[in-house]
Amino acid sequence: MPKNLTETRLVFMGTTSFADAILNSLLDEKYNIVGVYTQPDKRVGRRQEIRKNAVKITAEKDNLDIFQPEKFDAAATNKLKNLKPDLIITAAYGKILPKEILEIPKHKCLNVHASLLPKYRGPSPIHNAILAGEKETGTTIMLMDSGIDTGDILSQKKIAIQSDDLHPLLQGKLADLSSALLINTIRGWLSGEIKPEKQDDSEATYCQMIKKEDGHVLWSDEAQSIYNKYRAFYHWPGMFSFWERNGSNLRLKLSKIGAIKNNPQSRHHLGEIFEISDKVGVQTSEGVVILEEVQLEGKNKLDIRNFINGYPDFVGSILK
RNA sequence: CGCGGGGUGGAGCAGUCUGGCAGCUCGCGUGGCUCAUAACCACGAGGUCCCGGGUUCAAAUCCCGGCCCCGCAA
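Residues numbered from 1 in each chain as written. Chains lettered and ligands numbered in written order. Predicted model: local features only at pLDDT ≥ 70, side-chain atom pairs only at ≥ 80, totals over all residues. Heavy atoms only, no water.

J.: Kindly report on helix H1 (residues 17-28), identifying the contributing residues and their values.
T.: Helix length check: H1 (twelve residues) gives 16 Å between terminal C-alpha atoms against 16 Å at 1.5 Å per residue, within 8%. Three or more residues of H1 are buried, namely Phe18, Ala19, Asp20, Ile22, Leu23, Ser25, Leu26 and Leu27. As for H1, its buried residues are in contact with strand S1 (10-14), strand S2 (33-37), helix H2 (54-61), strand S6 (87-91), strand S7 (109-113) and helix H6 (167-191). One or two residues past the end of H1 sits Lys30, with phi positive at roughly 65 degrees. (Helix = DSSP H or I, 4+ residues; strand = E, 2+ residues; numbered from the N terminus. Expected span 1.5 Å × (residues − 1). Buried < 20%, exposed > 50% of the residue type's maximum accessible area, 1.4 Å probe, protein only. Contact = heavy atoms within 4.5 Å.)

See the structure below:
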């Protein structure tokens, strides 16, 4: 084992802004990062421009060697071997590493996973903790094995979820927490102070990749769970419903919704828009969702009052 | 040339198809009413109808070109 942490040859793999925050904290610690792996650039937006992800931008700024393999075939695997990594750190990379890769670094592969494993194994732990209305979640540093988020745990730390935390805020908190924990864990792991602990598979829960369609609001849900969905999907994919107008179903993004009003007296149709004093609500199966800002397809985001000024027939209509 | 919606007083919209007085809901200003108001009444200010060209007696509206905003898709 290298005596000095800065001599450890470290490879980082990550893609999202969460991963970027982790990478930045490793850079702050002056670790010797000999390679950065991230997902290939994707074409994005109406003009199909190529956009670099956050990790790539950071890596370029620091003149790190960047690798963006579509998959780990023989050539990609050899390239990685040539980097002679002592340790691989992954965080929200978005690719499953074949077993052969996991065996390359002598100090193995560490993964940062933003949940209290074995809870919320899978690609969307933060989203799903919010969706489920959890009061707390956390972050786990673990060794990677061939399963998905099933490896032995090195360290773990909890954090509270506030009832009005939106996904980006909670993700930011978890990134900070994870960064600090990772720094300590790397030190402890390389020095042999930390011993891996097996996960209790009987306690495991799993989450799926979030799809765009998941943002479609079901007004037959309860207001509280719709609000949780709003918090979880705030950054992506957002929340939307459909408003029928002049025979066509227009997509209406609910870009900002307010607290829930539990007034059992209110018995409108599911999805019906109505005014409550100075606010605008939508009827759910239990409670009311308050609309604060919406965006009709083809239009800009609008404060609900301005929206109704332009579309007075919105009140009384039913969202689907 | 991936598909589609849009640009009209400070905000949001209608008007465009079928060319003919610049309209609606708000906001703003002044006055009134009220114990009171995101309430009500009266009056009022505020517009190069995105830009450029064309057609026409006449263009927000029709034709050509350009700029910008947005939804989908990826």
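J.: Now, about the environment of Leu80: what can you tell me, with residues and values included?
T.: Along the chain, Leu80 falls in helix H3 (residues 74-82). Since its relative accessible area comes to 0%, Leu80 is described here as buried. Leu80 sits 42 residues away from Thr38 along the chain, and the two C-alpha atoms are 13 Å apart. Contacts of Leu80, omitting those with residues within four sequence positions, involve Val11, Met13, Tyr37, Phe72, Pro85, Ile88, Ile101 and Ile104.

J.: Break down the protein's contact with RNA strand B for me, with residues and values.
T.: RNA strand B sits among 19 residues. The nearest are Gly45, Arg46, Asp278, Gly298 and Gly310. Among all atoms of RNA strand B positioned within 4 Å of the protein, those belonging to sugar or phosphate total 53%. Within the contact set of RNA strand B, a sugar or linking oxygen lies 3.0 Å away from a backbone nitrogen or oxygen of Asn306. Taken together, the elements giving at least two residues each to the surface near RNA strand B come down to strand S3 (42-44), strand S11 (248-261) and helix H8 (304-310). Here the surface near RNA strand B takes three residues from H8, the largest share from any one element. (Near = heavy atom within 4 Å. Polar contact = N/O pair within 3.5 Å; in protein donor to acceptor, adjacent residues only side chain to side chain.)

J.: Requested: an account of the layout of surface pockets, with residues and values cited.
T.: Its volume calculated, the second largest pocket comes out at about 390 Å³. For the second largest pocket, the lining is made up of 19 residues, of which Tyr234, Pro237, Gly238, Met239 and Lys253 are closest to its centre. Secondary structure elements with two or more residues in the lining of the second largest pocket: S11 and strand S14 (288-296). The element that contributes the greatest number of residues to the lining of the second largest pocket is S11, accounting for four residues. In terms of residue class, the lining of the second largest pocket is built from nine nonpolar, four polar and six charged. (1 Å grid on protein atoms, 1.4 Å probe; cavity = no way out; pocket = protein on both sides within 12 Å on 5 of 7 lines; lining within 4 Å. Points joined across faces, edges and corners; volume = space filled by probe spheres on them. Nonpolar A, V, L, I, M, F, W, Y, C, P; charged D, E, K, R; others polar.)

J.: Residues and numbers for the packing of aromatic side chains, please.
T.: Under the definition given, this model contains ten aromatic pairs. When the ring of Tyr37 is compared with that of Phe67, the centres are 4.9 Å apart and the planes differ by 20 degrees; the resulting orientation is stacked. Note that Tyr37 is positioned in strand S2 and Phe67 in strand S5 (residues 66-67), a separation of 30 residues in sequence. Phe67 carries the same exposure label as Tyr37, and that label is buried. Put simply, the rings of Trp243, Phe307, Tyr311 and Phe314 pair up and form one aromatic cluster. Positioned above the aromatic ring of Phe240 is the side chain of Arg251, whose terminal nitrogen or guanidinium carbon lies 4.1 Å from the ring centre. (Phe/Tyr/Trp six-rings, centres within 6.5 Å; stacked < 30°, edge-to-face > 60°. Lys NZ or Arg CZ within 6 Å of the ring centre and 35° of its normal.)

J.: Any chance you could break down the pattern of salt bridges for me, citing the residues and the numbers?
T.: Evaluation of the coordinates by the stated rule reveals 14 salt bridges. Among the ionic pairs, Asp201 bridges to Arg121, the shortest N-O distance being 2.7 Å. Taken as a pair, Asp201 in the loop between H6 and helix H7 (223-232) and Arg121 in the loop between S7 and helix H5 (125-131) lie far apart in primary sequence, 80 residues in all. Overall, the relative accessible area of 1% leaves Arg121 in the buried class. (Salt bridge = Lys/Arg side-chain N within 4 Å of Asp/Glu carboxyl O.)

J.: Any chance you could break down the sheet that holds strand S9 (residues 153-160) for me, citing the residues and the numbers?
T.: Spatially, seven strands are ordered S5-S2-S1-S6-S7-S8-S9 in an open sheet, and the strand pairing comes out mixed. At either margin of the open sheet sits one strand with a lone partner, and together these are S5 and S9. Where strand S8 (residues 136-143) lies against S9, seven bridges are found, and the strand directions are antiparallel. Opposite Thr139, over in S9, you have Lys157 as the bridge partner. Sheet strands in contact with H1 are S1, S2, S6 and S7, and its direction is about 160 degrees off that of S1. (Pairing = 2+ DSSP bridges. Axes fitted to C-alpha atoms, helices over the stretch in contact; angles between N-to-C directions.)

J.: Please provide a residue-by-residue account of the side chain of Ser317, values included.
T.: Looking at the secondary structure, you find Ser317 in the segment after H8. One polar contact links Ser317 to Trp243, side chain to side chain, over a distance of 2.9 Å. A polar atom in the side chain of Ser317 sits 2.6 Å from the backbone oxygen of Phe314. Apart from residues lying up to four places away in sequence, Ser317 is in contact with Trp243, Gly271, Glu272 and Ile273.

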